[in-house]
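Residue-level structure breakdown
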Amino acid sequence: MDAIINVFQFIQGLGVSVVMPIVIFIIGCAFRTGVGQSLRAGLTVGVGFIGLNLVINSLLGTSLSPAVQAMVDRYGLSLSTIDVGWPASAAIAMGSTVGLIIIPLGLLVNIVMLLTNTTQTVDVDIWDYWHFAFTGALVAIITDTLWLGIFAAVVNMVIIMVLGDVTAPEVEKSLDLPGVSLPHGFTTAYAPIAMVINKLIDMIPGVRNININMDTVQRRFGVFGEPILVGTFLGIIIGIIAGYDVTQVLTLGVSLGAVLVLIPKMAALLMEGLMPISDAASEFIQNRFQNRGKIYIGLDSAVGVGHPVTLAISFILVPLLIFLAVVLPGNTVMPFADLAVIPWMFVLITPIVKENGFRGLIVGLIVLIFGLWIATDLAPMITTAANNVNFQMPEGASQISSICDGANPLTWALVRLNGLGYIGTGVGAFVALAMAIWNRNRIKKEASQFHDGGEAA
């Protein structure tokens, strides 16, 4: 068992840019794409992820976070719980007992769901299984029972896989990612909230007619409505609020303008490598299993983070989040390390609201407000989980939390349900099972319609 765990820990340590080419190559060969084409596809996807990471870490991370820190220092803001960021959350999750088995467990869950036709997604995003392990680690703490933590991680994954299937058509259409679903433990958890709020807005006369999207902005403002200029303008505003000098303000503006241009280009490169594998996988499955709908390749939501509406909303909400953290009653979390992952919250919100920036902002404000309360509520358990794996606490920190996944509504719901005892655990399991059965019926119906349409043609 130790040897098996060591193998998976080694795989986890390779990182996305190394693991992804290997996984894509294996899948491509399995679906008879050819050795050469599979190798090229895998390497192209790996290069795409390297490009995404360079843009996100070098431009977004090193530009936006210091600006926000300058705001905190300038206005003397202080809260007791430190946002340690997703890398720390992932390290805490993967260092837990649940984390040690999450990769083989996640692969097994995906295989079982494919065999039972309760998912359409081949989830190759194995390094992001840490989101499920994070939930499991917190449940194990609150229940003091390891197997309940493992069970909660499985329940979390099943729910996310179903949501990934349901949102895949919008991902294809709005984000221009054909054959892709996003079963991401953080991003996908916000999809149901966006669906509910979007429906509620549809019921409000006048408000439902407000529509702000990039096409409208570009038609109205011409070249000044293009993503590069929108990003530059927002960067300048953030720099001014942070109290930067002229050089720093202009540098931040150009950097955020570059983010809005470069991330979509890196995502397009990634998709260039993925498309042959996605097409081969769908053809392989549909030719051999008549009762299955379209097959999707499950990816990290980073591939959709570059949508102009997503990034524009995020840039507006980042400084606003600092203000909310200070004035929100009951909040103790000072957002910092995870500010660069705010766009990940909106990857699926943007397609669900039909790229309407106004609705995206409304959803964003709501999820951020409740996210701060959730991160505050989970902070004691996250701190305990960190201590359990000997995580090096920041100097002077009494408690730690994060936006990703400390503010995750699905993680919070599963943790608090399990905290109610076996009845709460049963409720979570029932929801996951009901969603899986509903998804199976939906997939069979979709496959039937597809098959009938093919025969008619």
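Model, not experiment: these values are computed from the prediction. (Residues numbered from 1 in each chain as written. Predicted model: local features only at pLDDT ≥ 70, side-chain atom pairs only at ≥ 80, totals over all residues. Heavy atoms only, no water.)

Each helix and strand in the chain was counted, giving 17 helices and six strands. The buried share of the chain, taken over its 457 residues, is 55%. In the chain, the proportion of contacts linking residues at least 24 apart, taken out of those at least 6 apart, comes to 81%. Surface accessibility of the chain: about 19000 Å² in total, with carbon and sulfur atoms responsible for 68%. (Helix = DSSP H or I, 4+ residues; strand = E, 2+ residues; numbered from the N terminus. Buried < 20%, exposed > 50% of the residue type's maximum accessible area, 1.4 Å probe, protein only. Contact = heavy atoms within 4.5 Å. Areas by Shrake-Rupley, 256 points an atom, 1.4 Å probe, with all protein chains shown as cover.)

Here the focus is the sheet that holds strand 6 (residues 399-401). Read across the sheet, three strands follow the order 5-1-6 without closing on themselves; strand pairing throughout is parallel. Two strands bound the open sheet, and with one partner strand each, they are strand 5 (333-334) and strand 6. As paired elements, strand 1 (residues 81-83) and strand 6 share three bridges and run parallel to each other. Paired with Asp-83 across the bridge in strand 6 is Ser-401. Of the strands in this sheet, strand 1, strand 5 and strand 6 touch helix 15 (residues 357-388), which is tilted by about 115° from strand 6. (Pairing = 2+ DSSP bridges. Axes fitted to C-alpha atoms, helices over the stretch in contact; angles between N-to-C directions.)

Right, let's get into the packing of aromatic side chains. Centre distance and the angle of the planes are the two values used to describe a pair of aromatic rings. The tally for this structure, following the rule as stated, stands at six aromatic pairs. For the ring pair Tyr-129 and Phe-132, a centre distance of 6.0 Å and an interplane angle of 40° mean the geometry is tilted. This pair shows no difference in class: Tyr-129 is buried, exactly as Phe-132 is. What links up through ring pairs into an aromatic cluster is the set Trp-147, Phe-151 and Tyr-422. (Phe/Tyr/Trp six-rings, centres within 6.5 Å; stacked < 30°, edge-to-face > 60°.)

Once that is clear, we can look at helix 16 (residues 409-418). Those residues of helix 16 that fall on the buried side of the exposure criterion are Pro-409, Leu-410, Thr-411, Leu-414, Val-415 and Asn-418. If you check the start of helix 16, you find a side-chain oxygen 2.9 Å away from the backbone N of Leu-410, and it comes from Asn-408. (Polar contact = N/O pair within 3.5 Å; in protein donor to acceptor, adjacent residues only side chain to side chain.)

Let us look at the packing of helix 5 (residues 97-115) against helix 7 (residues 146-174). Packing of helix 5 against helix 7 brings their axes to within 10 Å, and their N-to-C directions diverge by 45°. With respect to helix 7, the element helix 5 is oriented oblique. Crossing handedness for the pair helix 5 and helix 7: right-handed. From helix 5, Thr-97, Val-98, Ile-101, Ile-102, Leu-105, Gly-106, Val-109, Asn-110 and Met-113 reach across to helix 7, where they touch Leu-146, Gly-149, Ile-150, Ala-153, Val-154, Met-157, Val-158, Met-161 and Val-162. Residues of the contact of helix 5 with helix 7, tallied by class, amount to 14 nonpolar, four polar and no charged. (Parallel < 35°, antiparallel > 145°, perpendicular 65-115°, else oblique. Left-handed = near helix turned anticlockwise from the far one by under 90°. Nonpolar A, V, L, I, M, F, W, Y, C, P; charged D, E, K, R; others polar.)

The three strands are arranged 2-4-3 in an open sheet whose pairing can be described as parallel. Across the chains shown, the open sheet's two edge strands, defined by having one partner strand only, are strand 2 (121-123) and strand 3 (180-181). Pairing of strand 2 with strand 4 (residues 296-298) involves three bridges; the strand directions are parallel. In the strand pairing of strand 4, Asp-123 is matched with Gly-298.

Moving on, we come to unusual backbone geometry. The omega torsion across Cys-404 and Asp-405 is 5°, close enough to zero to call that bond cis. Among the secondary structure elements, Asp-405 is positioned in the loop between strand 6 and helix 16. Backbone geometry at Asp-176 places phi at a positive 55°, although glycine is not the residue there. Residue class for Asp-176 comes out exposed when judged on its relative accessible area of 58%.

Taken together, the side chains of Tyr-75, Phe-233, Ile-237, Ile-240 and Ile-241 define a hydrophobic patch exposed on the protein surface, amounting to about 480 Å² of accessible area. With respect to the helices and strands, Ile-237 occurs in helix 10 (residues 227-241). Using a relative accessible area of 34% as the deciding quantity, one classes Ile-237 as partly exposed. (Patch = residues over 30% accessible without salt bridge, like charges linked within 9 Å, V, L, I, M, F, W, Y side chains within 5 Å. Salt bridge = Lys/Arg side-chain N within 4 Å of Asp/Glu carboxyl O.)

This part takes up helix 15. Every α-helix carries 3.6 residues per turn, so stepping three or four residues along brings you back to the same face. Along helix 15, the sharpest change in direction is near 50° and occurs at Ala-379; proline Pro-380 comes one to four residues later. Sitting at the amino-terminal end of helix 15 is Asn-356, which places a side-chain oxygen 3.0 Å from the backbone nitrogen of Phe-358. Downstream of helix 15 by a residue or two, Asn-390 has a phi angle that is positive, lying close to 60°. (Bend = angle between axes of the 7 residues up to and from the residue.)

This next bit is on the pattern of salt bridges. Following the criterion strictly, the structure yields six salt bridges and no others. Note that Lys-173 and Glu-170 form a salt bridge whose closest N and O atoms lie 4.0 Å from each other. Of this pair, Lys-173 and Glu-170 both sit in helix 7, three residues apart, which is roughly one turn of the helix. Here Asp-377 ties to Arg-416 by a salt bridge, and the two come within 2.9 Å at their closest N and O atoms. Of this pair, Asp-377 sits in helix 15 while Arg-416 sits in helix 16, placing them 39 residues apart in sequence. A relative accessible area of 31% places Arg-416 in the partly exposed class. Here the salt bridges share partners, and the residues they tie into one network are Glu-170, Lys-173 and Lys-354.

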